[in-house]
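Spelled out from the first residue to the last, the chains are:
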Amino acid sequence: MNRYIIVGAGAAGTEAAAAVLERDVEARVDLFNAEPDLPYYRPQLTKIIDDLSPPRPIKPKSFFSTPGLHFHPETTVKSIDTLEKRIFTAGKIYPYDKLIFCCGADALLPAIQNPGNARLFSIRTFSDVQRLHVAAKSRKTAAVIGGGPLGLEIAESLTRLGLRVTVYETFTRILGRQTDGEAALFITEFLKSNGISFSVGAQFTVTAPHCIAPYGELPRPADVIIVSAGIKPRIRLAAEAGIKTNRGILVDDRMQTSAPDVYAAGDCCERENGALCGMWSLAGDQGRTAAANATGNSESFTPKAGKLMMTLFGKIVLSLGRPEAQGENGSARTFLKKSNGSYLRIFTDGQKCTGLIFLGPPNEAAAAVSVFGRAVSVGSAAPVEGFQ
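Let me begin by describing the structure that accompanies this report. (Residues numbered from 1 in each chain as written. Predicted model: local features only at pLDDT ≥ 70, side-chain atom pairs only at ≥ 80, totals over all residues. Heavy atoms only, no water.)

**Considerations on the packing of helix α1 (residues 11-23) against helix α6 (residues 280-294)**
What describes two packed helices is the angle between their axes and the distance between those same axes. Packing of α1 against α6 leaves a shortest axis separation of 7 Å and a crossing angle of 35 degrees. Judged by the sense of rotation from one axis to the other, the crossing of α1 with α6 is right-handed. Residues Ala11, Ala12, Glu15, Ala16, Ala19, Val20 and Arg23 of α1 form the contact with α6, whose participating residues are Trp280, Ala283, Gly284, Gly287, Arg288, Ala291 and Ala292. In the contact of α1 with α6, the residues fall into nine nonpolar, two polar and three charged. (Axes fitted to C-alpha atoms, helices over the stretch in contact; angles between N-to-C directions. Helix = DSSP H or I, 4+ residues; strand = E, 2+ residues; numbered from the N terminus. Left-handed = near helix turned anticlockwise from the far one by under 90°. Contact = heavy atoms within 4.5 Å. Nonpolar A, V, L, I, M, F, W, Y, C, P; charged D, E, K, R; others polar.)

The following block contains the structure:
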């Protein structure tokens, strides 16, 4: 019997556990989760701040009764001994043959004066959502630091709670990794029409009590401040065990760390090219890759093409390919649908669509997705009916 320990039960950890059990029928898998609940779908957290609807589970409850799987909720791994191949919790020692770090990340916080501020929040767990909900429902204004997908979802949720929300983004546009300048401006205007304000392209500081101060401007008060500006991988356990780390736990394309029989996947790891994970779907893929190699196979992790699909104020925001890297070379064209204001921007390599951005109702999203990869040129007619 091979003994596998997985530290962390998010997307990477649960997918790693499932993959190990599929590949090694005699495995014993110990899956440790610092939270008391069954693992849940974390990308949902930023959407439920207003109504506190429970996040859906990653796996059905029956999964955690799978033969060979031993689930340890509300259990924190304190330290690891890679020489003796064992891990330590508060009261027990567990030996392992293979270890997979899937311990996630914390929110990356900007330089903040008085970081103990009770009205400063980040969203990593359902309890974070509950705390923010209680604090926000009796307040009037909110500042969201970060104009990426999660920051915009937080802004929408707080707007539905009745707060006046301003999004602060130091980059020159929102959705900097998913859009080019033109598309970002169109989406910004759409969000403004739904009551969200923006401060984009300027550095700022957070000052006590509860103020955002863009450089060169007077501080702007905010009743609650929410940070959604990236991740800080949890590397302490690995670093203290002598495993190589940088921003994250360093891994090769097999998700192998510098220690024998130790792997890492998801938000805690950093690949050889310096890339962090930061995406739920990629974390699951990395967990499965780590499991494959831990069970004696040989697989390499290959990241998928970028994809964003989210709903904001009833409309779908969709980004496929890498439009943020293509918008400056002249190979882009915008189409609008006059009847309802839907927006479609396509990017081509001269022969086919290599990227696209869409904003519109859900019933038009499938037609937009179908354009990706199709033969299309910038000078051709609109690739979706009704757009001009």
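**Quick notes on the pairing of strand β10 (residues 141-145)**
With respect to burial, β10 is a largely interior element, five of its five residues being buried. Alternating residues of β10 divide into Thr141, Ala143 and Ile145 and Ala142 and Val144, and every residue in both groups is buried. Here β10 runs beside strand β11 (residues 164-169); their pairing, made up of five bridges, is parallel. Directly across from Ala142, in β11, lies its bridge partner Val165. What joins β10 to β11 is helix α3 (residues 149-160), and the crossover it makes is right-handed. (Buried < 20%, exposed > 50% of the residue type's maximum accessible area, 1.4 Å probe, protein only. Pairing = 2+ DSSP bridges. Right-handed = clockwise from strand over helix to strand, strands pointing away.)

**What about unusual backbone geometry?**
Phi is mostly negative for residues that are not glycine, and the peptide bonds are mostly trans. At Glu74, a residue that is not glycine, the phi angle is positive and equals roughly 50 degrees. The residue Glu74 is located in the loop between β3 (69-72) and β4 (79-81) in this model. The exposure class of Glu74 is exposed, given its relative accessible area of 59%. A positive phi angle, near 65 degrees, is found at Asp261, a position not held by glycine. With respect to the helices and strands, Asp261 occurs in the loop between β18 (249-250) and β19 (262-264).

**Examining the sheet that holds strand β6 (residues 93-95)**
Judged by pairing direction, the sheet is antiparallel, and its three strands sit side by side in the order β4-β5-β6 without closing on themselves. Each edge of the sheet is formed by a strand with only one pairing partner; in this case those strands are β4 and β6. If you compare each strand with its neighbour and ignore which way they point, the axes differ by 20 degrees on average. When β4 meets strand β5 (residues 86-88), the two strands line up antiparallel, connected through three bridges. For Ile80, the partnering residue across the bridge sits in β5 and is Ile87.

**So, the nonpolar core**
Grouped together as the largest cluster of nonpolar side chains are 52 residues, with contacts concentrated most on Val29, Ile80, Ile87, Leu99 and Phe101. Looking at this core, the elements that each hand over two or more residues are β1 (3-7), α1, β2 (28-32), β3, β7 (98-101), α5 (236-240), β19 and α6. Of all the elements, α1 adds the most residues to this core, at eight residues. For Ile80, the residues in contact, after removing those within four places along its chain, are Arg86, Ile87, Tyr96, Leu99, Phe101, Leu237 and Ala241. Membership of the second largest hydrophobic core comes to 40 residues, among which are Ala142, Val167, Leu191 and Ala332. (Core = buried A, V, L, I, M, F, W, Y, C linked by side-chain atoms within 4.5 Å.)

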